[in-house]
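Geometric and topological summary
Each chain is listed here by its residues.
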Amino acid sequence: MADLELPDIPDVVFAELQSLARRSDLSVEDYAKDVICDAIRQIGVVEQTYYRWKKKYGGMGTDQLKELKRLQKENERLRKAVSDLTLDKLILTEASTGNY
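A quick note: this is a predicted structure, and the numbers were derived from the prediction, not measured.

Counting its secondary structure elements, the protein chain contains four helices and zero strands. Secondary structure elements in the protein chain, listed N-terminal to C-terminal, are α-α-α-α. Taken over 100 residues, the protein chain has a buried fraction of 13%. Excluding contacts between residues fewer than 6 apart, the proportion of contacts in the protein chain whose partners are at least 24 apart in sequence is 44%. Carbon and sulfur atoms make up 56% of the accessible area of the protein chain, which amounts to about 8500 Å² in all.

Turning next to the pattern of salt bridges. Counted according to the given criterion, the structure contains four salt bridges. For arginine 41, the salt bridge is made with aspartate 38, and the minimal N-O distance between the two is 2.8 Å. With arginine 41 and aspartate 38 both in helix α2 (residues 28-42), this residue pair falls three residues apart, about one helical turn. Taking relative accessible area as the criterion, arginine 41 reaches 57% and is therefore assigned exposed. Across the pair glutamate 74 and arginine 77 runs a salt bridge, and its minimum N-O distance is 2.8 Å.

Let's shift gears to a positive patch on the surface. Positive charge collects at one region of the surface, where Arg52, Lys56, Lys69 and Lys73 lie side by side. Counting residues per element, the ones that place at least two in the positive patch are α3 (47-57) and α4 (62-97).

The next thing to look at is the confidence of the model for the protein chain. Here the protein chain averages 78 in pLDDT, while 67% of its residues score no lower than 70. Looking at the elements of the protein chain, mean pLDDT is at its lowest for helix α1 (residues 11-23), recorded as 62, and at its highest for α4, recorded as 92.

Right, let's get into α4. Between its terminal C-alpha atoms α4 stretches 53 Å, which fits the 52 Å expected from 36 residues at 1.5 Å a residue. Positive phi appears at glycine 98, one or two residues downstream of α4, with a value of about 80 degrees.

Analysis parameters
- Residues numbered from 1 in each chain as written.
- Predicted model: local features only at pLDDT ≥ 70, side-chain atom pairs only at ≥ 80, totals over all residues.
- Heavy atoms only, no water.
- Helix = DSSP H or I, 4+ residues; strand = E, 2+ residues; numbered from the N terminus.
- Buried < 20%, exposed > 50% of the residue type's maximum accessible area, 1.4 Å probe, protein only.
- Contact = heavy atoms within 4.5 Å.
- Areas by Shrake-Rupley, 256 points an atom, 1.4 Å probe, with all protein chains shown as cover.
- Salt bridge = Lys/Arg side-chain N within 4 Å of Asp/Glu carboxyl O.
- Patch = residues over 30% accessible without salt bridge, like charges linked within 9 Å, V, L, I, M, F, W, Y side chains within 5 Å.
- Lys, Arg positive; Asp, Glu negative; His and termini not counted.
- Charge placed at Lys NZ, Arg CZ, Asp CG, Glu CD.
- pLDDT = per-residue confidence, 0-100.
- Expected span 1.5 Å × (residues − 1).

Written out as structure tokens, the structure reads:
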């Protein structure tokens, strides 16, 4: 995880990271990367998954993520409806032609 990019962080958090980094003789960036890596490991996420999530959801806010989830559920519901209607049509077509 040496090439891990740090997110934009507020000055207050940066100051706290500086303080903690000085105690461990690391640069702020290295200390922050270690903290992020530890957090990823603790929740059982593979590094590749973290990067995929970051790429997919990195710039989204909470409202955007909720809207995305809502749209995904709606899309799934509509796909199921189309699938059911297509199956019904096929059954009716076969029944009307007597190919059953």
